[in-house]
Amino acid sequence: MANKGLTKLWKKLTGGRQKDVSETVDERVKEHDKLTEDRVRELDLAKLLTTVELSLDSSTSNLSADKIEELRTRSVLKRTRYEMVEHPVVTKEDLTEIDHLIKCIVYEIKYAVEKGYETSAHWSTVALALANEALHIPVPENALEYSAALMEKRREYARNLRILTQDALHYDEYTAELATHNRRYDEKDKEIKILSEKVQAIIDSREGPRLLVDIRNNADDLAKMQPAARELRDMMRNLHLLKRDLLASALSINTAAEQQRLYDQRISQMRNIVAIFPRVEDPKLAAKNQEAAEKYADELRNRLNRAEAGLKAIDANLSELINLGSHSIFQKGTSEALEMYAELRMREFKEKEAELEATRAAIREKEQAKMLKKIERNLAEELNRLAQEDEDEVITVIEEQVEQVTEDLHEAEAEYEEEDEDLLLIEEDAE
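Since the model is a prediction, treat every value here as computed from it, not as a measurement. (Residues numbered from 1 in each chain as written. Predicted model: local features only at pLDDT ≥ 70, side-chain atom pairs only at ≥ 80, totals over all residues. Heavy atoms only, no water.)

**A word on the overall build of the protein chain**
Note the threshold: In DSSP terms, a helix is any run of H or I states spanning at least four residues, a strand is any run of E spanning at least two, and both are numbered starting from the N terminus. For every residue, the accessible area obtained with a 1.4 Å probe (protein chains only) is divided by the maximum for its type, and the residue is called buried under 20%, exposed over 50%, and partly exposed between those limits. Whether two residues are in contact is decided by their heavy atoms, any of which lying within 4.5 Å being enough. All accessible-area figures derive from a Shrake-Rupley calculation using a 1.4 Å probe, and residue coverage is judged against the displayed protein chains alone.
Check the secondary structure of the protein chain and you find 11 helices and zero strands. Secondary structure elements of the protein chain occur, N-terminal to C-terminal, as α-α-α-α-α-α-α-α-α-α-α. Relative to its full complement of 431 residues, the protein chain shows a buried share of 23%. For the protein chain, restricting intrachain contacts to residue pairs at least 6 apart in sequence, the fraction spanning at least 24 positions comes to 75%. Carbon and sulfur atoms make up 54% of the accessible area of the protein chain, which amounts to about 32,000 Å² in all.

**Describing the packing of helix 7 (residues 147-204) against helix 9 (residues 227-274)**
This is how the line gets drawn: Think of each axis as a best-fit line through the C-alpha atoms, taken over the contacting stretch in the case of a helix, with angles from 0 to 180 degrees between the N-to-C directions. Put simply, angles under 35 degrees are roughly parallel, angles over 145 are roughly antiparallel, angles from 65 to 115 are roughly perpendicular, and the rest are oblique. Each helix crossing is assigned a hand: it is left-handed if the near helix lies turned anticlockwise from the far helix by less than a right angle, otherwise right-handed if that turn is clockwise. Throughout, the ten residues Ala, Val, Leu, Ile, Met, Phe, Trp, Tyr, Cys and Pro are labelled nonpolar, Asp, Glu, Lys and Arg are labelled charged, and all others, Gly among them, are labelled polar.
Contact pair helix 7 / helix 9: the axes reach a minimum separation of 7 Å and the direction vectors enclose 160°. Considering the angle they form, helix 7 stands roughly antiparallel to helix 9. Taken as a pair, helix 7 and helix 9 cross one another with a handedness that is left-handed. Tallied by class, the residues present in the contact of helix 7 with helix 9 amount to 28 nonpolar, 11 polar and 11 charged.

**Topic: the side chain of Arg155**
You can see Arg155 is positioned in helix 7. Accessibility expressed as a relative area gives 17% for Arg155, which makes it buried. Once you skip the residues sitting within four places of it in the chain, Arg155 turns out to touch Asp94, Glu97, Ile98, Leu101 and Ala148.

**Section: the pattern of salt bridges**
Put simply, the rule is: Note on definitions: salt bridges are taken to be side-chain nitrogens of Lys or Arg within 4 Å of carboxyl oxygens of Asp or Glu.
This structure, assessed with the given rule, holds 19 salt bridges. With a closest N to O distance of 3.7 Å, Glu53 and Lys78 form a salt bridge. Of the two residues, Glu53 sits in helix 2 (residues 21-55) while Lys78 sits in helix 4 (residues 73-86), which places them 25 residues apart along the sequence. Put simply, Glu83 and Arg79 hold a salt bridge, and the shortest N to O gap is 3.0 Å. Within this pair, Glu83 and its partner Arg79 are both found in helix 4, separated by four residues, close to a single helical turn. Of the residues examined, Arg79 reaches a relative accessible area of 34% and is grouped as partly exposed.

Function-wise, these values are silent; they only describe arrangement.
This is the structure we're talking about:
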């Protein structure tokens, strides 16, 4: 019986199909082989990371130490070693393509450092940092049923990171090419100016017109042309060729500049694409939300139905409960309770009355204090007014006294002048 029960349980769990021993062994062998392959890739990546880290300080590096420090390339390489070599993620998913693309990105960093390509070094470092954040991480528990689709999204994300680093590399290559074309253009332009000055000096000399005539007359037979004329002719021909090369250099400059602009735009597009980490949305999410909403509504409906049934039971017995309240045993207790309630209410009334009286007394004291302050203020104003009136009266009296003294002084002076006149008249009569 026990064996039959175990058999039924096993069939229920496995769907009625039992795996052969050979199938189980094959699965374990495949799992072991996958772990071995993953470990081999991790060791290869570790060697590459070591090589790139050493190249940062190598004499072959054409990227300055300050720029490497600014880009934090060394820190990103160390983080990659920690995440992908020292603490690698163990998963059943196939990471072969993702690991290959990550190695390509690391190679891009090494090449950019050797060539001194700043843009390529920048975006390769950024791509490796993004790979650490988005690719070598376990599949979330809530996305296990979509793990295959999620891993495909991650592989696509790794391809986009690779495209970003390639666009940055081509941008730097066309930047270097543009600088080379500009340098050559400047050299040719300088050479043309020097040669033009020499030709113009010969043409403006005394023999210049004669040499030009000789060149024109003997254009078909260089043997008859004078050496000086032949030399001037060769200089003019070289000047023409240099101007043609200068035009070709200008076209090369325009082409390189256009390609540089194109890859700059592609970098901007790819950086926006890789800014969104890989994720998978449940295609049945809307249906699941609808199902959850319906279940919630059904649960609320059941709760309301249960509550309604309970209320009906209460309503059915409510009248009987009310009738029990008029029983004689409750009458005495009810009267006592009413008396106690009346006493409590009267006590509350007296307390409120006492509080009201205290409030009135406080209001009266406050009004009396206000009245006293008003009286004091009026009294102070009256005293100030009386003091001002006294001061004005004193000033008036003083002014009157001064005016009187002034008048007396004027009268005395007048009398003094009359006496002087009388004395003068007496003196005149005496003479």
